[in-house]
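What follows is the residue order along each chain.
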Amino acid sequence: MSSSKTLFWFTFALFLAVKGAKVEYSKIKDTVTLDCGDADFNKEYEWKYNDARIIQVGTRGLPKKGKIALAQKAKLNGVKLIIPSLELSDSGKYSCTGRTLNKQLITQEHQIYVVSASVSPSDTVLIYTDVTLKCEVGGGSTAQVQWIKPPDKGVEPYGRPENTVTLSSMTPAEAGIWTCQVTDNGGSVVKKMEVGITVIGPLTSPREIVAPLGGSVELSCFLPTLGNLQIVGGGWSRNPPGNIHLPTLSTNLKRLYWDKTNVSSRVTFSHEELSTNFSVTLSKLEVDDTGVYVCTMVFEGEKTLKTVTNLMVTAVGPISWAFVAILTALVILIVLISIIAVKHYCKMYNRFS
């Protein structure tokens, strides 16, 4: 047989032994294990990535790694190839060429698409921050990407199918688990990636408080959730400033406390570590305490949250309010008696007229 015919039949046999590529969508940072079909572990075989050698094992069983970066982290388990900590750049065609027990040359191919989903500037943001969701599929995939709203929002698609979407002025209503759904050209969902978004804020407090002269009042300030954002400063202030000095926040080993330096004796507060409750109490109220009180939280990056309470101190104390109530009741009683007397007079007048 001529050498040309031999080459033809060899190529034909090789073609028949090449199995169709297995397509797989994998999450970034995951580990993927690829098989080499029916290749025999005891015979030589070779793994390639886009035609570049990853690792080759000779007849003596000694592995020889290629020069590409992927080869440095790749591992073998028998004839199987293990790729840990997947990156987008690891997307591509993987092929293994070896021999079966019958010494038949075979090739097994795998097409790997690595999927990543991310949120910026962070997965924890202050209220009214713009957030960008990005979902990428490596390897030049033509699969369609659609972002899905959190389950408690109806699991509805958000906007048109696209890799990147922007959520403007985030509020707690939009927080939750957002899902990147990847659909192949056949319409099948091949991968889902989730990202969680936590929205911090708003600070809550009563808008107005009316308190009696000489009494006490709690200036409430609550943060519904803190997440992983670090509070680095803030505290209470009065507008306009007055004679009363309110506490500010200080940190000690990332723990949050009230700084009691120069704070007025009429102001009391918790001396424990703070988390979400930043209320203080103002006692022995004076008329001059009337004003606007501002609770401020300063986060890393100089971002802030504020809430405002209008305090009105009235000269009408608790006893005076009781007096007013009694006086009001007496007035109503007098009016009722007057009405009855007028009706009675009208009846008498009609009887004798």
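Just so you know, these numbers come straight off a predicted model, no measurement behind them.

J.: What is the right way to look at the state of the cysteines in this model?
T.: Under the defined criterion, the tally for this structure stands at three disulfides. Note that C36 is cross-linked by a disulfide to C96, the S-S spacing being 1.7 Å. Between C36 and C96 the disulfide shows an S-S torsion of about -80°. By sign, it is left-handed. A residue pair is termed long-range when its members are at least 10 positions apart, and C36 in the loop between β2 (32–34) and β3 (45–49) and C96 in strand β8 (residues 92–99) qualify at 60 residues. Residue C36 is classed as buried on the basis of its relative accessible area, which comes to 1%.

J.: Hey, could you run me through the sheet that holds strand β7 (residues 80–83) in this one?
T.: Taken in spatial order, the three strands make up an open sheet running β2-β7-β6, and their pairing is antiparallel. Strands at the two margins of the open sheet, each flanked by one partner only, are β2 and β6 (75–77). For this sheet, the mean angle separating the axes of adjacent strands, direction not counted, is 30°. Relative to β7, β6 runs antiparallel, the two being bridged by three bridges. Bridge pairing in β7 links L76 to L81.

J.: Where do I start with unusual backbone geometry in this structure?
T.: When glycine is set aside, most residues are seen to have a negative phi, and most peptide bonds are trans. Residue S120 is joined to P121 through a cis peptide bond whose omega torsion reads 10°. The omega torsion of the bond from G201 to P202 falls at 0°, within 30 degrees of zero and hence cis. Among the secondary structure elements, P202 is positioned in the loop between β15 (189–200) and β16 (208–212). Positive phi, normally seen in glycine, also occurs at D51, with a value near 75°. Counting through the fold element by element, D51 comes out in the loop between β3 and β4 (52–57). Accessibility expressed as a relative area gives 60% for D51, which makes it exposed. Even without being a glycine, S85 presents a positive backbone phi close to 45°.

J.: I keep staring at the nonpolar core and nothing clicks. Help me out?
T.: Note that soluble globular proteins tend to have their nonpolar side chains buried in a common cluster. Formed by 55 residues in total, the largest nonpolar core has its most connected members in L133, I197, W236, F278 and L311. Here the element with the most residues in this core is β15; it accounts for five residues. For L133, the residues in contact, after removing those within four places along its chain, are S118, V119, W147, N163, T164, V165, L167, W178, V195 and I197. One finds V32, L34, I112 and V114 within the second-largest nonpolar core, a separate group that totals 22 residues.

J.: Even after reading the chapter, I still don't get the pattern of salt bridges, so can you show me in this structure?
T.: Side chains carrying opposite charge are able to pair once their charged atoms draw close together. Under the counting rule described, the total for this entry stands at seven salt bridges. Linking D40 and K43 is a salt bridge whose minimum nitrogen-to-oxygen distance equals 3.1 Å. Both residues of the pair, D40 and K43, count as buried. Put simply, R266, E286 and D289 are held in one network by salt bridges that share partners.

J.: Is there a simple way to explain the confidence of the model for the protein in this structure?
T.: Note that predicted coordinates carrying low pLDDT should not be read in detail. Put simply, the protein has an average pLDDT of 88, and 90% of its residues get 70 or more. When the criterion is pLDDT under 50, residues 1–18 qualifies, and its contacts beyond four places in sequence or with other chains add up to eleven contacts.

J.: I would appreciate a short explanation of a nonpolar patch on the surface in the present structure.
T.: On the surface, a nonpolar cluster with roughly 900 Å² of combined accessible area is contributed by I326, L327, L330, V331, I332, L333, V335, L336, I337 and I339. The residue V335 is located in helix α3 (residues 318–352) in this model.

J.: When you look at the layout of surface pockets in this model, what are you seeing that I'm missing?
T.: The rolling of a water-molecule-sized probe over the atoms marks out the regions of remaining empty space. For the largest pocket, the calculated volume is near 170 Å³. The wall of the largest pocket is formed by E44, Y45, E46, Q56, V57, G58, L62, K64, T97, G98, R99 and L105. Those elements that provide at least two residues to the lining of the largest pocket are β3, β4 and β8. When residues in the lining of the largest pocket are grouped by element, the largest group, three residues, is from β8. In terms of residue class, the lining of the largest pocket is built from four nonpolar, four polar and four charged.

Rules and cut-offs
Residues numbered from 1 in each chain as written. Predicted model: local features only at pLDDT ≥ 70, side-chain atom pairs only at ≥ 80, totals over all residues. Heavy atoms only, no water. Disulfide = S-S within 2.5 Å. Helix = DSSP H or I, 4+ residues; strand = E, 2+ residues; numbered from the N terminus. Buried < 20%, exposed > 50% of the residue type's maximum accessible area, 1.4 Å probe, protein only. Pairing = 2+ DSSP bridges. Axes fitted to C-alpha atoms, helices over the stretch in contact; angles between N-to-C directions. Core = buried A, V, L, I, M, F, W, Y, C linked by side-chain atoms within 4.5 Å. Contact = heavy atoms within 4.5 Å. Salt bridge = Lys/Arg side-chain N within 4 Å of Asp/Glu carboxyl O. pLDDT = per-residue confidence, 0-100. Patch = residues over 30% accessible without salt bridge, like charges linked within 9 Å, V, L, I, M, F, W, Y side chains within 5 Å. Areas by Shrake-Rupley, 256 points an atom, 1.4 Å probe, with all protein chains shown as cover. 1 Å grid on protein atoms, 1.4 Å probe; cavity = no way out; pocket = protein on both sides within 12 Å on 5 of 7 lines; lining within 4 Å. Points joined across faces, edges and corners; volume = space filled by probe spheres on them. Nonpolar A, V, L, I, M, F, W, Y, C, P; charged D, E, K, R; others polar.

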